[in-house]
Amino acid sequence: MSASRDFKGGFSRRNFLISSSCFGAAMATVRLFPLPALAENVLQDKRVAAQPLIDKGFAAVRQVGTGIYATISDVTKGFTTVCNGGFIIGREASLLIEGYSGPSGAAFQYDALRSVSQLPVRAALDSHYHFDHSMGNTYYGAHEIPIFAHAKTPPLMIEKYANLQGQDKAPILAPLEKRVQDARDETERQHAISDLNAYKKIFAVIDKYMVGLPDHPLDPSKLPMTLDLGGTSAVIETYPGHTPTDIMVRVPEQNIVFTGDLLFNGWYPVAFDANISGWRATLQKFASFSKDTLFVPGHGQLCGQEGVANLRAVFDDLAQHASKMYKAGVPVEEAQKRYVVPEKFKNYVIFAWGFTVVPTITKLYEEFKAGTA
Ligand SMILES: [Zn+2]
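Report follows, based on the coordinates. It should be emphasised that the depicted structure is a prediction, and the values quoted were computed from it without experimental measurement.

1. So, the nonpolar core
Note on soluble globular proteins: their nonpolar side chains tend to be buried together. Formed by 66 residues in total, the largest nonpolar core has its most connected members in Tyr-161, Tyr-268, Phe-286 and Ile-361. The set of elements that each furnish at least two residues to this core consists of helix 6 (153-160), helix 7 (170-182), helix 8 (186-208), strand 12 (256-264), helix 9 (276-287), helix 10 (305-327), helix 11 (332-338) and helix 12 (357-370). With residues up to four places along the chain from it excluded, the contact list for Ile-361 reads Leu-318, His-321, Ala-322, Val-332, Ala-335, Gln-336 and Tyr-339. In this structure, Ile-68, Ile-88, Leu-223 and Leu-302 belong to the second largest nonpolar core, which totals 28 residues.

See below:
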């Protein structure tokens, strides 16, 4: 795969500003809420530093364990990183987690690592193929850092991103625009606008940056795999759920997990290429981890087991609604439209209706039909 890796393009400051402003405009109607403060249980956790190492608004890096740092993004303050990630430093080497939504996001994290460690970087790891975790890979490539990812990540990045670069997106956007025009009421119109803007946002990113393919694809049948960083072991595991490409990093000795998007904290799950029953089983597995496990979710604030419980509750709520509708013979499109965000989740981020509620209910209907839910 290394032959397809292309670092020539780089990015200029000007390009970055243009793309982030497109991105910002497209994000304007997404249902966003500022990142909540650290929960009390996390604040009191002795592993978690009271002050961040660095805070740029769009993301803050904070020590969360011995040699372990979490990068937590706040998309209401900028789109340089978008997802969460972090890095792990042993006595001999370090590991970077996530490629972020562009090279400047990866640079931000690399600089944070370099402010505390000059040890060789063993690898950077993309938790899955999605643009907000991988479009900054070229920055790592330019620094000759190997990029680890699930074996299906490079082909999916080619199919979903590289193949669309420079292509006219109008034919893809046209039906989405038509849905906005044809909306029967305001709710439908808002959902259609959120979907249209999500696509515009993704297209703005993939047209601006070079696609940097991970050059160390990991065969899922050979996972888990342990990286010894010198006194600190980072275990790479794979679980079903968010995409067909999810891998995550666990530091078992310290009960710290970088979940990628297998865990969203305070967000509705982005589920357009998810396996819902597999994902719910994965969350059940997370719930069985030690009760003092500290989770660095793919999006949202650092959390303990309560973050896992919250996402499970969102899935339960969606499944309860879908089941009721399915049993009543309500068509799936109508069931998607009729879902109402309950009061307890009213401050949850919804990236776009068509990326979260719609595919979850669609897939639940399929599972009910197949008898697998
Ligand atoms: Zn993500």
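2. Focus on the coordination of the zinc ion
Taken together, Asp-132 (OD), His-133 (NE2), Asp-261 (OD) and His-299 (NE2) make up the protein donors of the zinc ion, found 2.1 to 2.3 Å from the metal. Coordination at the zinc ion is irregular, judged from the four donor atoms that bind it and the angles of 83 to 171° they form at the metal. Expressed as a motif, the donor residue spacing for the zinc ion is D-H-x127-D-x37-H. Taken as a pair, His-133 in helix 4 (residues 131-134) and Asp-261 in strand 12 lie far apart in primary sequence, 128 residues in all. For the pair His-133 and Asp-261, a shared accessibility class is recorded, and that class is buried.

3. What to know about the packing of helix 10 against helix 12
Remark: helix 10 packs on helix 12, axes separated minimally by 9 Å, with the N-to-C direction vectors making an angle of 55°. By the angle between their axes, helix 10 is oblique relative to helix 12. Crossing of helix 10 against helix 12: the hand is right-handed. Facing Phe-315, Leu-318, Ala-319, His-321, Ala-322, Ser-323, Met-325 and Tyr-326 of helix 10, the residues of helix 12 in contact are Val-357, Thr-360, Ile-361, Leu-364, Tyr-365, Phe-368 and Lys-369.

4. Here's the deal with the sheet that holds strand 12
Strands sit in the order 9-10-11-12-13 across an open sheet of five strands; the sheet is mixed. Strands with a single pairing partner mark the edges of an open sheet, and in this sheet they are strand 9 (225-228) and strand 13 (294-299). Neighbour-to-neighbour, the strand axes of the sheet open up by a mean angle of 30°, direction not taken into account. Note that strand 10 (residues 233-238) and strand 11 (residues 247-251) share four bridges and pair antiparallel. Along strand 11, the bridge assignment pairs Val-235 with Arg-250. Seen against the sheet, helix 9 touches strand 11, strand 12 and strand 13 and runs at an angle of roughly 155° to strand 12. Strands in contact with helix 10 are strand 12 and strand 13; relative to strand 12, the strand with the most contacts, it is inclined by about 15°.

5. What about the packing of aromatic side chains?
Enumeration over the complete set of coordinates arrives at 23 aromatic pairs. A ring pair is formed by Tyr-69 and Phe-87, whose centres lie 4.9 Å apart and whose planes are at 25°; its orientation type is stacked. Taken together, the residues Tyr-69 in strand 3 (residues 68-73) and Phe-87 in strand 4 (residues 85-89) connect sequence positions 18 residues apart. Here Phe-87 falls in the buried class, since its relative accessible area comes to 0%. Ring geometry for Trp-279 versus Phe-315: centroids 5.2 Å apart, planes at 65°, classification edge-to-face. Here Trp-279, found in helix 9, pairs with Phe-315, found in helix 10; they are 36 residues apart in sequence, far enough to count as distant.

6. Examining the pattern of salt bridges
Within this structure, the stated rule accounts for 15 salt bridges. When the shortest N-O distance is used, the salt bridge between Arg-179 and Asp-195 registers 2.9 Å. Here the residue Arg-179 occupies a position in helix 7, and Asp-195 occupies one in helix 8, the gap between them amounting to 16 residues. On the accessibility criterion, Arg-179 (40% relative accessible area) is partly exposed. Classification of Asp-195 as buried rests on a relative accessible area of 4%. Where Arg-184 meets Glu-188, a salt bridge forms, and the shortest distance between an N and an O atom there is 2.8 Å. Judged by its relative accessible area of 61%, Arg-184 falls in the exposed class. Three or more residues are tied together by salt bridges with common partners; here these are Arg-184, Asp-185, Glu-188 and Lys-337.

Here is what the cut-offs are and how they apply
- Residues numbered from 1 in each chain as written.
- Predicted model: local features only at pLDDT ≥ 70, side-chain atom pairs only at ≥ 80, totals over all residues.
- Heavy atoms only, no water.
- Core = buried A, V, L, I, M, F, W, Y, C linked by side-chain atoms within 4.5 Å.
- Buried < 20%, exposed > 50% of the residue type's maximum accessible area, 1.4 Å probe, protein only.
- Helix = DSSP H or I, 4+ residues; strand = E, 2+ residues; numbered from the N terminus.
- Contact = heavy atoms within 4.5 Å.
- Donors = N, O, S within 2.8 Å, 3.2 Å for Na, K, Ca; no water.
- Tetrahedral: all angles 85-135°; square planar, octahedral: opposite > 155°, others 65-115°.
- Axes fitted to C-alpha atoms, helices over the stretch in contact; angles between N-to-C directions.
- Parallel < 35°, antiparallel > 145°, perpendicular 65-115°, else oblique.
- Left-handed = near helix turned anticlockwise from the far one by under 90°.
- Pairing = 2+ DSSP bridges.
- Phe/Tyr/Trp six-rings, centres within 6.5 Å; stacked < 30°, edge-to-face > 60°.
- Salt bridge = Lys/Arg side-chain N within 4 Å of Asp/Glu carboxyl O.

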